Amino acid sequence: MSTALPMEAEVLARREESPGLFTLQLRLTDPAAQAAYAFRPGQFNMLYLYGVGEVPISIVSDPREETLIEHTIRAVGRVTRGLERLAPGDRLGLRGPFGNGWPLGDCEQRDVIVVTGGLGCAPVTGAIHYLMKRRERFGHVNIVQGVKHSADLIWREQYECWARMPDTTVLIAADEAEPLWPWHVGRVTDLFDRLHFDPAQTIVLSCGPEGMMIAVAEQLQAKGIPPERIWLSLERNMQCGIGLCGHCQFGARFVCRDGPVFRWRDVASRLKIRGL
Amino acid sequence: MTAECEGVAEARFLAAADRQRLIDALMDAGHEVHGPVVRDGVIRYEPITTIEELPRGWRDEQQPGRYRLQRQDDERLFAWAAPAHSLKPHVFAPRETLFTARRDTEGRLTFETAEPEAPRIAILGARACDLAGLFLQDKHFLHGPHADAAYRARRRNLFLIAVHCTHPAATCFCAATGDGPVARYGYDLAIGEIDAGWLLTARSEAGVAMLARLPVQEADEEQRQAADAAFTAATRAQTRRLPEGDLPARLAALAESPAWAEVAERCLACGNCTAVCPSCFCHAHVEETDLDGGRSRRLRQWDSCFTAGHSLLHGRPVRADIASRYRQWLTHKLAGWHEQYDRSGCSGCGRCITWCPEGIDLLAEATAVLETAE
Ligand code: SF4
Ligand code: SF4
Ligand code: FES
């Protein structure tokens, strides 16, 4: 782990997921650093593009995959548009991992509901892979993904493949859909009657736009899931990743260090206030 | 009787004529001495070598949005209140390099930590509010899970000579925060100034050693009482009060008070208040690339939650209006700090009131917000 100084990483492969959305497979060029690198799903790295700057990006690969680190990135700003142009063999800097990650240990023996919306899928994708690779340790796994437009759905085959797994429910909703869209048209919360879970034994992982997460958390709480077992991944401006620069403050919390994953119980009142 | 003279109970006396000896001793011991001087119409810390450079006879007048200096004909060197800057710039540099990245012709990158500049500096005349501010900065930069190396290097090299306040400004409220006017911790040596000279108290080993190099004598009871009376008067002269009660809980319940929009109509979001605040720690990371392209630097520089960039997320500020930014500043100081670092983020120096171009008064605004609860 490197907190202040980046480590050099090399792009092994680059994959286009959809226009403006791409995945980079990275490997730390120092073999000892790569071997020592360990993370939990839900944590993030600061990726440094030479001469341009740094951005926080969540890690989507599996923590047991020791030879590479994978990031799915949307090209929205100066740094991410620059990262989009990287090709195999190119070098960048990497600091991390930072943040707390998802409480995956607490998911064991429980029913799990993963709800993601919009562009927010990357932080939980790593968690879903983790659950699916260790399927026997968890109860019923519900994967609920919402997108604005059906064309925004990435990893479609992946969802279809997960849907065929035993004891797994995959539900997808698009606010607007093209003809022949096989899934729901509307909001993710419309689908909650079709979830399989025992409220006393369920844990919720959610990420996406804050308005969506609030609706998700409120409705699942109304269905009997205690607010301390509903976990949300928050986003804020992040520049240092280590609780020093102050940009990610959310109330008294430093999202980079105390989060990005928080219990709904602890953030509910503040999340509902605009501009905090 | 003596024991009651807080701040000078154990003090030794250095006559006014011998005050240069302290500067000499500090320089002899290898310190660069920084003391208050009058420059550009304000009192601020600058490198000094002689006692003559200190603001002899100067008084300051501080009011909301106003700072003026006036001259009086006396020998007092510290008869004024908070200088224009706190000790913050001495430890948390306004702009510094975090690391340098080099790229070779093959595109390979190497990274190098910047060696922090950390001269051995002695501050002559640190105010109690600013020592409290330093304590707050220490909590943030040193006592979290990721201590900051550059901050630590500079902090370790500071020798601090406090001066107990005898002439608070109208903007001061250290008596209300409990941080002054008498410095009670965090210094090596402290000065209680009376007309005849200085009453010196050592607190650290280094302070004791420094005191031993000076031609000091036993302070007499009259001197002690003169100093003590001045400190008591300095406490009584302060009329500003922090609102009472559990501020974190009270302010959290008022996040949607209409008072935020009201102050936002006056606030220019200039960020002066955060810049002069001794506890504000926010900084932006920025990139600076050499023209030849072989080297690039990552720097950090002071930032303020009053800027749109501070809360930028996916190209848009989370705190889109001035009301939410003013709320961030005020609630961070008076509420968030309690949760983060177990004490208020305000040490009562009053600078945010003095240096606000609109004369906006943090305490009055906190009161206005709290009153909307009734
Ligand atoms: S958030 Fe605002 S008030 Fe808090 S430390 Fe940063 S600049 Fe200061
Ligand atoms: S309160 Fe005053 S000093 Fe602070 S940002 Fe607003 S106008 Fe500037
Ligand atoms: S990203 Fe800098 S404090 Fe959280």
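What counts, and where the lines are drawn
Residues numbered from 1 in each chain as written. Chains lettered and ligands numbered in written order. Predicted model: local features only at pLDDT ≥ 70, side-chain atom pairs only at ≥ 80, totals over all residues. Heavy atoms only, no water. Helix = DSSP H or I, 4+ residues; strand = E, 2+ residues; numbered from the N terminus. Buried < 20%, exposed > 50% of the residue type's maximum accessible area, 1.4 Å probe, protein only. Polar contact = N/O pair within 3.5 Å; in protein donor to acceptor, adjacent residues only side chain to side chain. Expected span 1.5 Å × (residues − 1). Domains from an automatic or database assignment. Contact = heavy atoms within 4.5 Å. Buried area = accessible area lost by both parts, 1.4 Å probe. Salt bridge = Lys/Arg side-chain N within 4 Å of Asp/Glu carboxyl O. Nonpolar A, V, L, I, M, F, W, Y, C, P; charged D, E, K, R; others polar. Near = heavy atom within 4 Å. Pairing = 2+ DSSP bridges. Axes fitted to C-alpha atoms, helices over the stretch in contact; angles between N-to-C directions. pLDDT = per-residue confidence, 0-100.

Attention shifts here to the environment of Arg300 of chain B. Residue and element names in this part refer to chain B. Within the fold, Arg300 resides in strand S14 (residues 295-302). Judged by relative accessible area, Arg300 falls into the buried class, the value being 3%. For the pair Arg300 and His143, spaced 157 residues apart in sequence, the C-alpha to C-alpha distance is 20 Å. Looking at Arg300, its side chain comes within polar contact range of the side chain of Asp148, at 2.7 Å.

Counted at 1.5 Å a residue, the expected span for helix H4 (residues 121-133) of chain A with its 13 residues is 18 Å, and the 18 Å between its end C-alpha atoms agrees. Along H4 of chain A, the residues that are buried comprise Cys121, Ala122, Pro123, Val124, Thr125, Gly126, Ala127, Ile128, Tyr130, Leu131 and Met132 of chain A.

For the rest of this paragraph, the subject is the domain arrangement of chain A. One widely used convention gives an interface's size as the accessible area the parts lose upon coming together. Residues and elements named next belong to chain A. You can read the domains of chain A as domain 1 (7-98) and domain 2 (104-271). Computed from C-alpha coordinates alone, the two centres of domain 1 and domain 2 are separated by 22 Å. Between domain 1 and domain 2, the contact holds 22 residues from the first and 20 residues from the second. Summed over both partners, the interface of domain 1 with domain 2 comes to about 1,600 Å²; 62% of that surface belongs to carbon and sulfur atoms. When the buried surface of domain 1 facing domain 2 is broken down by residue, Pro41, Val60 and Asp62 rank first, second and third, together holding 27% of it. Joining domain 1 to domain 2, the criterion identifies two salt bridges. Between Asp62 and Arg134 there is a salt bridge, and its shortest N-O distance comes to 3.2 Å. Between the two partners, domain 1 and domain 2, sit four residue pairs in polar contact (both at pLDDT 80 or more). Looking at the side of domain 1 that touches domain 2 residue by residue, the class counts come to nine nonpolar, six polar and seven charged.

Here we come to the site of ligand 1. What surrounds ligand 1 is the set Gln249 of chain A together with Thr274, Cys280, Phe281, Cys282, Cys305, Gln328, Trp329, His332 and Lys333 of chain B. Flanking ligand 1 are residues from chains A and B.

Okay, the sheet that holds strand S15 (residues 261-263) of chain A next. Residues and elements named next belong to chain A. In spatial order, the strands read S10-S9-S8-S7-S11-S12-S15; together these seven strands make up an open sheet with mixed pairing. One side of each edge strand has no neighbouring strand; the edge strands of this open sheet are strand S10 (184-185) and S15. Both strand S7 (residues 111-117) and strand S8 (residues 141-149) contribute to a ladder of six bridges, which runs parallel. Bridge pairing links Val112 to Val141 in S8. In this fold helix H8 (residues 264-271) packs onto strand S12 (230-233) and S15, with an angle of close to 90° to the strand it touches most, S15.

Now for the site of ligand 2. Residues in close proximity to ligand 2 include Cys267, Leu268, Ala269, Cys270, Gly271, Asn272, Cys273, Phe306, Tyr326, Cys356 and Pro357 of chain B, which together make up its full environment. Partitioned by chemical class, the residues of the shell around ligand 2 number nine nonpolar, two polar and no charged.

Right, let's talk about the confidence of the model for chain B for a bit. A residue-level look at chain B finds 98% of positions with pLDDT of 70 or above and a mean pLDDT of 94. Two summary scores accompany this predicted model of the complex, namely pTM at 0.94 and ipTM at 0.93.

Taken together, the 39 residues of chain A in the interface contact 47 residues of chain B. Both faces considered, chain A and chain B share a buried interface measuring about 3,500 Å² in area, 56% of it formed by carbon and sulfur atoms. Along the contact surface separating chain A from chain B lie three salt bridges. The shortest N-O distance in the salt bridge between Arg298 of chain B and Glu54 of chain A comes to 3.7 Å. Where chain A packs against chain B, one counts 21 residue pairs in polar contact (both at pLDDT 80 or more).

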